[in-house]
Each structure stands twice: as structure tokens, then as C-alpha cells.
Amino acid sequence: MNTVVPVNRDLQAERRAAAAVFRSELTRRGIFCVNLISSPGAGKTSLLQATARVWPEPEKLAVLVGDIATDRDAERLAPFLSVRQLTTGGACHLDLKLVERGFAALNLDGVEYLFVENIGNLVCPASHDLGEHLRVVVLSVTEGDDKPGKYPKAFRTSQACVISKIDLLPYVPFDIQAAAADARSVQPEMTMLPLSATTGGGIAEWCDYLRRQRATVLTEQILDISQQP
Amino acid sequence: MHEYSIARSILESVVSVQHQEQLGSIPQVDVELGEFSGVEPVQLQAAYAALSLEILGYPSEMQIQIVRLRGRCGRCQDEFVIENFQFHCPACSSNDVQIVSGDELRILAVSTLSQESEP
């Protein structure tokens, strides 16, 4: 005879709570955390290189870069930024524990922005809150403008969508307006940021967007924290 | 493919409930899973079944109740099932839609063989 014993343990709530604790810690230290997600090869690392090249004080930027194997991305970014490679050894996404370990190993003196470059994958990273303040999905023009609707969670959970490699627009059938409309059908508040890391077009707008978001989001969160009993 | 790590944490919970409540063997766990949780139910069940042999030492199976992705309209307050990830209100077409369910991953209960029935 079977007896049913109630458990009622909400694993999602536990994960959200753990991410919120890390987010508060980042907020308290004035570090604005950006989780970059995309398919492999969309240009996350190139975007960060281009960002560091034009940022007035690149020593205020730090990166945790995730890959399944190799430290190639860390090598690419090291000349520009404080960087730590996170290697998952097969896992298709970064999780909070891995990010917290990498965070503890970074030199964060004076750092104001922490980028977490996720594993190239538009599926699993969407389900993992890494304690970030901002989630940005990068979509390159070579992938096609129909992707947002095909990967709804990645786009629904992001606040901004970078359209990368726009220097290639003359050669590929990609319609920025169509991509924006598709993205906004799952995330009406989506900020669209078309740019090219190669030519530098749109990078200034991206940097301005980051500065505005840092100011707004950190202020809101500090108010939230101070109002907690 | 993060179903294995989720199955492992569910089994760790099962073991901890088993110790706390001093239960006998647990041939079944009941789980509530949102359809927007990003977790694939069939893979989760397979991972749980396989890992139960390793962690519990006997087969245990997972029953899953799927929770539909539902939204609430910020304009007309209508509540509805979101079909095909179309995040707009079927009543007034507003796209001011908050998700109210569909992201669940909750262990509801464990089934245990009653102590009395064991030899």
C-alpha cells in the first residue's frame, strides 16, 4: 500500500532566490551585470572587444566568459579587459554556482560592469537566472530574421536584442524591421540595438544604452534593498 | 540538456525528505512542471529513472503534471492560456501580458511504501 507524503518544494523559487541574493551583492558593490546570450558565433566576444576599444575607462569592465572547452575567448579578451574563462566541460549553459566561483576569482577593484558571456546556445541559458541586472540576446544577421519566434524564451526573458554583423546586410536576406517585429511579439519592451563590431557602427549607441541601464537599474535596486525590512 | 542536473537535485530532495520523515523506499515522486520552464518532461523522467538506481539503489519513477503557460492582460485583466508563445491578449489584443504560470518546477509529493506492509 502506498502512502503519499506531501513535499511542496519549489525548486524554481529556490533558484530565483539564490540569484536574487547574488544580484543584491552585485548591486551593493555598484557592479552592473549583463548576461549575453546568443547562438554560437553570433559575435558576443567581438561585441565585447569592440566595447572595450571605445570605452573611456576599460578597466571598469570585467568579463566572465563561458565555453564548453578551450580558453580562446579569454585569450581574445585579455588584452582589453579583466577576464576569467569559465569552462563547463560539456554543459550547455552557465549556472549560478559557476558564475559565483568565477566572480570570486576576478579582480573587481573599480569594476562597474560585469559581462557574463554565456555558452553559445539559445535554449538552456534562457532558463538560468545568473543574478544579472540585464539580459541581452545577440542575433547576427546571418542567422535570419525569423529566430525570435523560434526561441521564444531567450527573447521573452531578454530586455535588449543586439542585431550584430550589420555590415553584412548587403549580402544576406535579413530584414531588421521583421526581426524587431518578431522579437516584440514575444517581448514588447525589447530594445533593438543594430550594430557592427567590425565597422564600429552602432557601438556608441550600445555603450550609451549600457550606461543608461546601469544608472536606472542600480538606482531602482538600491531603493528596493533599502526598503526591505 | 540540463535535465540530468535537475533530476539529481530532485533525487537529493527525495533522499532528504526520506531521512527527515523516516520513510521507507520511495517508488514515485510527483512533480509539477511548467511548459515554459525550459525543462523537457520526457528527458527529465528518463534522467530521474536512470539516476534513481544510482542514488536510491532501486527504481523510482516520476509523475509529471504539466502547468500551462498562462498570462494576464495588463489592460483588461483577462487571464488566458498563451498558445504558441503569442504574448498578446486574445480578448483585447494588448501585448501588455504578464506571465502568471508556466515556469514551475515543484516537487509536490513522494509516494512511499507503508512501513506496516513491509516484512
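Conventions adopted
Here the residue index of a chain counts from 1 through its sequence in written order. For this description, chains carry letters from A and ligands carry numbers from 1, given in the order in which they are written. Under the rules for a predicted model, residues below a pLDDT of 70 receive no local features and side-chain atom pairs below 80 are neither given nor counted, while totals for whole chains, interfaces and linings still include all residues. Secondary structure follows DSSP: runs of H or I at least 4 residues long count as helices, runs of E at least 2 residues long count as strands, and numbering of each begins at the N terminus. Only C-alpha atoms enter the radius of gyration, while the globule expectation follows 2.2 Å times N to the 0.38, with N the number of residues. Two residues qualify as being in contact provided that their C-beta atoms, derived from the backbone, are within 7 Å of each other. Being paired, for any two strands, means DSSP has found at least two bridges between them. The axes are straight lines fitted to the C-alpha atoms, using for helices just the contacting stretch, and the angles between their N-to-C directions are given from 0 to 180°. The cut-offs work like this: below 35 degrees is roughly parallel, past 145 is roughly antiparallel, 65 to 115 is roughly perpendicular, and the gaps in between are oblique. Handedness of a crossing is defined here by the sense of rotation of the near helix relative to the far one, left-handed for an anticlockwise turn of less than a right angle and right-handed for a clockwise turn. Three residue categories are used. Nonpolar comprises Ala, Val, Leu, Ile, Met, Phe, Trp, Tyr, Cys and Pro, charged comprises Asp, Glu, Lys and Arg, and polar comprises the others, including Gly. Confidence of the predictor in every single residue is expressed as pLDDT, which spans 0 to 100. Definition of nonpolar core: a set of buried Ala, Val, Leu, Ile, Met, Phe, Trp, Tyr and Cys residues joined via C-beta atoms within 7 Å. Burial is judged by counting other C-beta atoms within 10 Å of a residue's own C-beta: 20 or more means buried, 12 or fewer means exposed, and anything between counts as partly exposed, with every C-beta placed from the backbone.

Along the backbone of chain B there are two helices and six strands. Reading the secondary structure of chain B in the N-to-C direction produces α-β-α-β-β-β-β-β. In terms of overall dimensions, chain B is more spread out than a globule: its C-alpha atoms have a radius of gyration of 18 Å, far above the 14 Å expected for 119 residues. Once local pairs closer than 6 in sequence are excluded, the contacts in chain B between residues at least 24 apart make up 66%.

Time to look at the sheet that holds strand E2 (residues 61–67) of chain B. Spatially, the four strands line up as an open sheet ordered E1(A)-E6(B)-E1(B)-E2(B), and their pairing is mixed. Edge strands, defined here as strands with exactly one partner in the open sheet, are strand E1 (2–10) of chain A together with E2 of chain B. For this sheet, the mean angle separating the axes of adjacent strands, direction not counted, is 20°. Of the pairings in the sheet, the one linking strand E1 (residues 28–34) of chain B to strand E6 (residues 105–113) of chain B comprises six bridges and is antiparallel in character. Each residue of the ladder has a partner; that of Gln28 of chain B, found in E6 of chain B, is Ser111 of chain B. Running over the sheet, helix H1 (residues 3–20) of chain B touches E1 of chain A together with E1 and E6 of chain B and is turned about 50° from E6 of chain B.

The subject of this paragraph is the packing of H1 of chain B against helix H2 (residues 41–55) of chain B. Residues and elements named next belong to chain B. At their nearest, the axes of H1 and H2 sit 8 Å apart, and the two run at 50° to each other. One finds that H1 runs oblique with respect to H2. Where H1 crosses over H2, the handedness of that crossing is right-handed. Between H1 and H2, the residues in contact are Glu3, Tyr4, Ile6, Ala7, Arg8, Ile10, Leu11 and Val15 and Gln43, Leu44, Ala47, Tyr48, Leu51, Ser52 and Ile55, respectively. For the contact of H1 with H2, a count of residues per class yields 11 nonpolar, two polar and two charged.

Contact residues are listed per partner, giving 27 residues for chain B and 23 residues for chain A. Elements represented by at least two residues in the side of chain B that touches chain A include exactly H1 and E6 of chain B. It is E6 of chain B that provides the largest number of residues to the side of chain B that touches chain A, a total of nine residues. Looking at the side of chain B that touches chain A residue by residue, the class counts come to 12 nonpolar, 11 polar and four charged. Note that E1 of chain A and E6 of chain B share seven bridges and pair antiparallel.

We now examine the confidence of the model for chain B. For chain B, per-residue confidence averages 93 on the pLDDT scale, and 94% of positions sit at 70 or higher. We note a pTM of 0.92 for the whole complex and an ipTM of 0.87 for its interfaces.

This part is about the sheet that holds strand E5 (residues 97–101) of chain B. Residues and elements named next belong to chain B. Here three strands make up an open sheet; going across it, the order is E4-E3-E5 and the pairing antiparallel. Whereas interior strands pair on both sides, the edge strands pair on one side only; in this sheet they are strand E4 (79–81) and E5. On average, each strand axis in the sheet is tilted by 35° relative to the strand beside it, whichever way the strands run. As paired strands, strand E3 (residues 70–73) and E4 are joined by three bridges and run antiparallel to one another. Pairing of Gly71 across the sheet is with Phe80, part of E4.

Counting residues in hydrophobic clusters, the biggest one holds 62 residues, and the most contacted among them are Val34, Val63, Phe115, Val116, Cys161 and Val162 of chain A. Leave out the neighbours within four places in its chain, and Val162 of chain A touches Leu47, Val136, Val138, Leu193, Leu195 and Trp206 of chain A. Residues Ile10, Ile26, Leu44 and Val110 of chain B belong to the second largest nonpolar core, which totals 19 residues.

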